[in-house]
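Below are the chains, spelled out letter by letter.
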Amino acid sequence: MIKSFIKSFRVFGFFLTAISNRLKLTPIDKKSPFGGTISAKGYLTLSLSNNSIKHLNEKIKLEDVGKNVILNFQDKDLIFEIFSKLKNPIKEYLGNEVYLDGIEWIKTTSDNPNNKTNISTKWHVDNVGNRLKCFVCVVGDGSQPTFVVPTEKHVPSFLKWVQITFIESLRWIGFNSNFKIKDQEILYHKSGSINIFDTQLLHRGEY
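One structure accompanies this document, and this report is about it. Everything numeric here is computed off the predicted structure, so don't read it as measured data.

## Considering the overall build of the protein
Reasoning step 1: Counting its regular elements, the protein contains four helices and six strands.
Reasoning step 2: Ordering the α and β elements of the protein from the N terminus gives α-β-α-α-β-β-α-β-β-β.
Reasoning step 3: Compactness check: the protein gives a C-alpha radius of gyration of 19 Å against a globular reference of 17 Å for 207 residues, within 12% of the reference.
Reasoning step 4: Taking the principal axes of the C-alpha coordinates as reference, the protein spans close to 55 × 40 × 30 Å.
Reasoning step 5: Across the 207 residues that make up the protein, the buried fraction comes to 40%.
Reasoning step 6: Only carbon and sulfur atoms are counted for the fraction: they give 58% of the accessible area of the protein, which is about 13300 Å².
Reasoning step 7: Charge separation in the protein, taken as the distance between the mean sites of 28 positive and 20 negative side-chain charges, equals 5 Å.

## Structural notes on the nonpolar core
Reasoning step 1: Judged by nonpolar contacts, the single largest core of 18 residues is most densely connected at Ile38, Leu48, Leu86, Tyr93, Leu132 and Ile196.
Reasoning step 2: No other element matches the six residues that helix α3 (residues 76–94) contributes to this core.
Reasoning step 3: Formed by eight residues, the second largest nonpolar core is a distinct cluster that contains Val125, Phe147, Ile167 and Leu202.

## Comments concerning the state of the cysteines
Reasoning step 1: All chains considered together, the criterion is met by zero disulfides.
Reasoning step 2: Considering cysteine sulfurs only, Cys137 is the nearest to Cys134, which forms no disulfide, with 11 Å between them.

## Considerations on the sheet that holds strand β6 (residues 203–205)
Reasoning step 1: One open sheet accounts for three strands, arranged β4-β3-β6; its pairing is antiparallel. Both edges of this open sheet fall to β4 (185–187) and β6, since each of them pairs with a single strand only. Pairs of neighbouring strands in the sheet enclose a mean axial angle of 25 degrees, with direction left out of account.

## Thoughts on unusual backbone geometry
Reasoning step 1: For Phe34, which is not glycine, the phi dihedral falls at a positive 50 degrees.
Reasoning step 2: In this fold, Phe34 is placed in the loop between α1 (2–29) and β1 (43–47).
Reasoning step 3: Look at Asn127: it is not a glycine, yet its phi comes out positive at around 55 degrees.
Reasoning step 4: Inspection of the secondary structure assignment puts Asn127 in the loop between α3 and β2 (132–136).

Rules used throughout
Residues numbered from 1 in each chain as written. Predicted model: local features only at pLDDT ≥ 70, side-chain atom pairs only at ≥ 80, totals over all residues. Heavy atoms only, no water. Helix = DSSP H or I, 4+ residues; strand = E, 2+ residues; numbered from the N terminus. Rg over C-alpha atoms; globule rule 2.2 N^0.38 Å. Buried < 20%, exposed > 50% of the residue type's maximum accessible area, 1.4 Å probe, protein only. Areas by Shrake-Rupley, 256 points an atom, 1.4 Å probe, with all protein chains shown as cover. Lys, Arg positive; Asp, Glu negative; His and termini not counted. Charge placed at Lys NZ, Arg CZ, Asp CG, Glu CD. Core = buried A, V, L, I, M, F, W, Y, C linked by side-chain atoms within 4.5 Å. Disulfide = S-S within 2.5 Å. Pairing = 2+ DSSP bridges. Axes fitted to C-alpha atoms, helices over the stretch in contact; angles between N-to-C directions.

Below is the structure:
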């Protein structure tokens, strides 16, 4: 009884937040140019040079012996390459006023028990309007991909938004929503890959 009430309250809260965000963010999102290479499907896959991959692997070796991984001036060539590859596609898609809102270092392993309960493995959108998320893979074999459902309509219609919200609400009531969607595509995270996608797209991780 109590669990059912909590689930119902969470779903109700999610719908209120999603509606509020949509009303506030849609007018802002409509101002984006949505041009360039990302516009075709809402995502883009690039790759780093061999020199940058080698450089990143050296950083990993530092972490393996217990040292903190910190990017500094010695990493300027690597940083320049990443930002030079991303600059134009991002600006063409979101506009010149786009900005970086954070960088996070993530390490996942296939035997991590938290993977099975990770909410990100279920279909969702980030409910923050049109925002691009970028994964730069240091070491990977493609076995932990990101699934996305591409679209040419980057600001969803009301009916499309209802469909997306319904699918996403399943995770708030504990349903398994990592099922296959007809038009889904797979972004493989392999050593040196750069995957960038609009978090307005339905997406989920696979661990």
